[in-house]
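Given next are the chains, with one letter for each unit.
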Amino acid sequence: MPILETQNLTYVYGEGTPFRIEALKNVNISIEKGELVGVIGHTGSGKSTLMQHLNGLLKPTSGKVLLGGEDIHASKEATRAARFRVGLCFQYPEYQLFESTVYKDIAFGPRNMGLNETEIRERVQRAAEFLEIRSDWMDKSPFDLSGGEKRRVAIAGVMAMQPEILILDEPTAGLDPRGRDRITDMICKYGLSTGSTVLVVSHSMDDVASFASRILVMDHGQNVLGGTVDEVFRQVDKLVSMGLDVPQLTKIFLRLQASGVSVRTDIYTLAQAKRELLRLFFEKGGTA
Ligand SMILES: Nc1ncnc2c1ncn2[C@@H]1O[C@H](COP(=O)(O)OP(=O)(O)OP(=O)(O)O)[C@@H](O)[C@H]1O
Ligand SMILES: [Mg+2]
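In this text the structure is predicted, and so the values were computed from the model without any measurement.

(A) Spotlight on the sheet that holds strand β8 (residues 165-169). Reading across from one edge, β7-β8-β9-β4-β10-β11 is the order of the six strands in this open sheet, with mixed pairing throughout. What marks the edges here is a single partner per strand, and that holds for β7 (86-89) and β11 (222-227). Strand after strand, the sheet turns through a mean of 20° between neighbouring axes, direction not considered. One ladder, built from five bridges, connects strand β4 (residues 36-41) with strand β10 (residues 214-219); its direction is parallel. Counted as the bridge partner of Gly38 is Ile215 from β10. Of the strands in this sheet, β7 and β8 touch helix α5 (residues 147-159), which is tilted by about 165° from β7. Each of β4, β8 and β9 (197-201) touches helix α6 (residues 177-194); the most contacted strand, β9, lies at about 160° to it.

Here it is as structure tokens:
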């Protein structure tokens, strides 16, 4: 059974007003436990609206969200439980830091769950390790940190709740390439070592290619494509027609093929590119 599922999920903003927008239209997605899912789509395609349904923050206009097979709006208790079982980290989460120290900020979620101090401390420590937050930051004000550091503290705050499903809405937005790679690696390590299910919304095809086991593509409020990294990025024309792209390395290999070089085009990461270039090199008689 999928851990998380939506059934004909539809959501309308501003119903009955001139600003009515159907942000989600009959969305059916199904996520298995332990998957690392990348969610992509043009701006305004409904990614954030969809993510906010998955922990019960928004209530469907029609359709359902099922967590472990149960409707998260079946009862008040089920909705409350969903808030803890599905941890959602918003776009630009650093704007929501407000405590006087980094420690208190990371501890805020676990404290809200009613845990004791020892357990809170352990969870803060564990989350801080995943985000490489140094122990000497713990007593600092989060406002004394850089933008990328603040982002890591905010993500740690959600991880410290140890949700079964972690959702990150554009965790690398606005960071430089090195900051982006770092956070992507940290999230990947977190998912693989805890076995948690992780959903990451991203505008960067390169980031998605580097961590996702599966990709969901949103377009105009609908889930139009889904599959493995291979299955999705193979459909270049479809992606381009939706204003999306493929990873930069894939583009290079597509160009090479178009210019007559016999190369694979299912290349999405640096490691795959290196392997394919070495294969070509040796095939053409190169020696090490
Ligand atoms: N609070 C709101 N009130 C009214 N309309 C909204 C609201 N939030 C989003 N929308 C509209 O709903 C649609 C989907 O928006 P959403 O923010 O879910 O898209 P997105 O894919 O997350 O976009 P982005 O990539 O820019 O973050 C858009 O047309 C948007 O203008
Ligand atoms: Mg968004």
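Alright, that's what it looks like, and here's the rest.
(B) Just the pairing of β11, in detail. Direction of pairing for β10 relative to β11: antiparallel, over a ladder of five bridges. Note on β11: the bridge partner recorded for Ile215 is Gly227. With antiparallel pairing between neighbouring strands as the criterion, β10 and β11 make up a hairpin whose turn holds two residues, including His220 at a positive phi of roughly 45°.

(C) Examining the site of ligand 1 more closely. Close to ligand 1 lie Tyr13, Gly14, Ile21, Ala23, Gly41, Thr43, Gly44, Ser45, Gly46, Lys47, Ser48 and Thr49. Listed by contribution, the elements that provide at least two residues to the shell around ligand 1 are β2 (21-27) and α1 (47-54). Of the residues forming the shell around ligand 1, the biggest block, three residues, is contributed by α1. The residue makeup of the shell around ligand 1, split by class, is three nonpolar, eight polar and one charged.

Cut-off values and rules
Residues numbered from 1 in each chain as written. Chains lettered and ligands numbered in written order. Predicted model: local features only at pLDDT ≥ 70, side-chain atom pairs only at ≥ 80, totals over all residues. Pairing = 2+ DSSP bridges. Helix = DSSP H or I, 4+ residues; strand = E, 2+ residues; numbered from the N terminus. Axes fitted to C-alpha atoms, helices over the stretch in contact; angles between N-to-C directions. Contact = placed C-beta atoms within 7 Å. Near = placed C-beta within 6 Å. Nonpolar A, V, L, I, M, F, W, Y, C, P; charged D, E, K, R; others polar.

Purely geometric stuff here, so don't read any function into it on its own.
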